[in-house]
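Residues per chain are reported as follows:
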Amino acid sequence: MADPKGFLKESRQVASRRPVEERVNDWNEVYPNGIGRALLPIITPQAGRCMDCGIPFCHQGCPLGNIIPEWNDLVWRDDWEAAIERLHATNNFPEFTGRLCPAPCETACVLGINQDPVTIKNVEVSIIDRAWESGFVKPQPPEWLSGKTVAVIGSGPAGLAAAQQLTRAGHTVAVYERSDRIGGLLRYGIPEFKMEKQHVDRRLDQMRREGTVFRTGVNVGTDITGDQLRARYDAVVIATGSTIPRDLAATGRELGGIHQAMDFLPQANRVAVGESVEGQIRADGKNVVIIGGGDTGADCLGTSIRQGAASITQLEIMPQPGEARPAAQPWPTYPMLFRVSSAHEEGGDRVYGVSTKEFLGDEDGNVRALRLVDVTFEGGKVVEVEGTERDLPAELVLFAMGFTGPETDSVVHQLELELDERNNVKRDETYRTSQEGVFAAGDAGRGQSLIVWAIAEGRAAAAAVDEYLTGSTTLPVPIKSTERPLVV
Ligand SMILES: Cc1cc2nc3c(=O)[nH]c(=O)nc-3n(C[C@H](O)[C@H](O)[C@H](O)COP(=O)(O)OP(=O)(O)OC[C@H]3O[C@@H](n4cnc5c(N)ncnc54)[C@H](O)[C@@H]3O)c2cc1C
Ligand code: SF4
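Residues numbered from 1 in each chain as written. Chains lettered and ligands numbered in written order. Predicted model: local features only at pLDDT ≥ 70, side-chain atom pairs only at ≥ 80, totals over all residues. Heavy atoms only, no water.

A. Spatial organisation of the layout of surface pockets. Approximately 400 Å³ is the volume attributed to the second largest pocket. Lining the second largest pocket are 18 residues; nearest its centre among them are His-88, Ala-89, Gln-140, Gln-165 and Arg-168. Taken together, the elements giving at least two residues each to the lining of the second largest pocket come down to helix H7 (80-88), helix H11 (157-168) and helix H20 (451-470). Top element by residues in the lining of the second largest pocket is H7. It accounts for 4 residues. Its residues placed into classes, the lining of the second largest pocket shows 7 nonpolar, 5 polar and 6 charged. In this structure, the lining of the second largest pocket is formed jointly by two domains, domain 1 (6-134) and domain 2 (149-243 + 404-470), each of which donates at least three residues. (1 Å grid on protein atoms, 1.4 Å probe; cavity = no way out; pocket = protein on both sides within 12 Å on 5 of 7 lines; lining within 4 Å. Points joined across faces, edges and corners; volume = space filled by probe spheres on them. Helix = DSSP H or I, 4+ residues; strand = E, 2+ residues; numbered from the N terminus. Nonpolar A, V, L, I, M, F, W, Y, C, P; charged D, E, K, R; others polar. Domains from an automatic or database assignment.)

Below you can see the structure in the form of structure tokens.
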């Protein structure tokens, strides 16, 4: 156990973000010199608050099964090298989760029953940032090669985790990505102010040195067919993400100025790292309305603020959640709460319990306003509140209502993969699809989810592929595809 009295002496403290008026003028992470450095003065006593519980519910909360009390103890004892070894044993990319995970481990922390939980996510990112700075993170190329080849389709966190595990197990792995750069949503979805891309690049450099091969600009299904893949590789991992965005079929949908979040955010991400984008969708000087109250919406909000929007309103059809756990979501579940992200601190209004009836246009065919109405839920049905119709001015409307599933008309179709009842790629509990030698991991099989899940599934699918190719495996299986952890 770290400090037997740690949780009695210390209260929870998290890293301070840069002042809002400073950070909205740049695209850098919202923490001073990166979150790892911002945490340096406080993290050791924070790790010491861990009680090393007999039954650590935080393990159950983390889809990766991160061995949290062990690395808390090592940090408190100042053994950072051992801490990163423990952390890397269960998580290939703690720099991603330590910055971006909603931390279901913390809502399952036993201390959280009657106190503020341990700052697990902050400890995680401190360990990995310090490990990179101290040179503890080194390439781990395999000692021998199996002679087997694997194609991983998609380079998001699921594809990267699968590729790293399989390369280290001795297989020859090629990651195919249709975009011009590797990273999936880590690269072009998530804004720089949440995670600078240098963290992705540094990890890719490690993976290249280990032997993983990356092929960008290859749209599998078009540039290389399913049959060619099968002929060239011994196994295939489908990690193509959940990319079909939910739309809103209201009157006026065809007007100019109405876009999907994933048309807007990738362009902003490119410009933030110095590229130019012709005809970029921009928020400058506009009244921006974001439809969808989740994380993608918050990313559109922070991006619009930095682009100089005149006003920003984020709409959510559901009622505003409370600030305390609802009785129906007791510890250690992951509760629905009113959360304030860094972008919400920076500006914009959030409106709950509201629905868009219509988009109103100007004489040039561009959107000028949304016709809104308040709604309630009665017997699971949306009911409009009479007399609440009003117009909200908007010259830019961004849809951030989630994703319905993976694209199924390309490589998934060519490989003749069965789909499940939610239109995701069907797999059994070991990530095998309906076709021999083809596996599916991450959002493509799970549906829209989280980075921590994508990494966990990529690791588990790698173990299944290794077993398929060699008859046995020593790679860990964090989670079966059918397993739901107790908290997310
Ligand atoms: C804007 C946004 C913000 C988010 N923020 C967070 C967050 O803060 N925290 C969090 O935990 N989760 C977040 N998420 C969710 C998270 O990013 C995803 O759950 C995760 O990236 C899924 O990983 P994946 O590897 O399955 O797929 P993806 O990251 O979607 O990667 C799939 C890749 O496959 C490629 N691809 C698809 N088809 C083909 C093909 N035919 N040929 C070649 N390549 C192909 C795509 O180009 C893409 O690069 C966010 C999602 C969005 C959209
Ligand atoms: S990956 Fe997420 S759930 Fe797991 S320990 Fe880190 S912050 Fe917690």
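B. How the structure looks around the site of ligand 1. Residues in contact with ligand 1 amount to 31 residues; listed here are only the nearest, Leu-100, Glu-177, Lys-194, Val-220 and Asp-443. The contact in question runs from an oxygen atom of ligand 1 to an N or O atom on the backbone of Ala-158, over 2.9 Å. In the model, a nitrogen atom of ligand 1 is placed 2.9 Å from a nitrogen or oxygen of the Val-220 main chain. Protein coverage of the free-state accessible area of ligand 1, which is 1,000 Å², stands at 94%. Where the shell around ligand 1 is concerned, the elements lending two or more residues are H11, strand E2 (172-177), helix H16 (295-307) and H20. When the residues that make up the shell around ligand 1 are grouped by side-chain class, the tally is 15 nonpolar, 11 polar and 5 charged. When residues of the shell around ligand 1 are assigned to domains, at least three map to each of domain 2 (149-243 + 404-470) and domain 3 (247-401). (Near = heavy atom within 4 Å. Polar contact = N/O pair within 3.5 Å; in protein donor to acceptor, adjacent residues only side chain to side chain. Areas by Shrake-Rupley, 256 points an atom, 1.4 Å probe, with all protein chains shown as cover.)

C. Local environment of the state of the cysteines. Applying the stated criterion across every chain, the model contains 0 disulfides. With no disulfide of its own, Cys-50 lies closest to Cys-53 among cysteine sulfurs, the gap being 6.3 Å. (Disulfide = S-S within 2.5 Å.)

D. Representation of helix H13 (residues 198-210) within the structure. Under the 1.5 Å per step criterion, the end-to-end length of H13 is 19 Å for 13 residues, consistent within 8% with the ideal 18 Å. Listed in full, the buried residues belonging to H13 are His-199, Val-200, Arg-203, Leu-204, Gln-206, Met-207 and Glu-210. Angular distribution of buried residues about the axis of H13 spans 155 degrees; they occupy a single face of the element. On its buried side, H13 packs onto H7, helix H8 (94-100), helix H10 (120-134), H11, helix H12 (185-188) and strand E3 (213-216). (Expected span 1.5 Å × (residues − 1). Buried < 20%, exposed > 50% of the residue type's maximum accessible area, 1.4 Å probe, protein only. Arc of directions from axis to C-beta. Contact = heavy atoms within 4.5 Å.)

E. How the structure looks around unusual backbone geometry. Of the consecutive residues Trp-331 and Pro-332, the connecting peptide bond is found in the cis state with omega at 5 degrees. Secondary-structure assignment places Pro-332 in the loop between strand E8 (311-316) and helix H17 (342-346). With phi around 45 degrees, Asp-52 is a residue other than glycine that occupies positive phi space. Position of Asp-52 among the secondary structure elements: in the loop between helix H4 (43-47) and helix H5 (57-61). Under the relative-accessibility criterion, Asp-52 is labelled partly exposed at 37%. Residue Asn-423 is not a glycine yet carries a positive backbone phi of 70 degrees. Mapped onto the elements, Asn-423 comes out in the loop between helix H18 (411-414) and strand E16 (438-440).

F. Here's a closer look at the pattern of salt bridges. Enumeration over the complete set of coordinates arrives at 31 salt bridges. For Arg-23, the salt bridge is made with Glu-345, and the minimal N-O distance between the two is 2.7 Å. Linking Arg-23 in helix H2 (residues 20-23) with Glu-345 in helix H17, this pair joins segments that are 322 residues apart in sequence. The residue Glu-70 makes a salt bridge to Arg-86 at a minimum N-O spacing of 2.6 Å. Taken together, the residues Glu-70 in helix H6 (residues 68-76) and Arg-86 in helix H7 connect sequence positions 16 residues apart. Overall, Arg-86 belongs to the partly exposed group, its relative accessible area being 28%. Through salt bridges that share partners, Arg-17, Arg-23, Arg-306, Glu-345 and Glu-346 make up one connected network. (Salt bridge = Lys/Arg side-chain N within 4 Å of Asp/Glu carboxyl O.)

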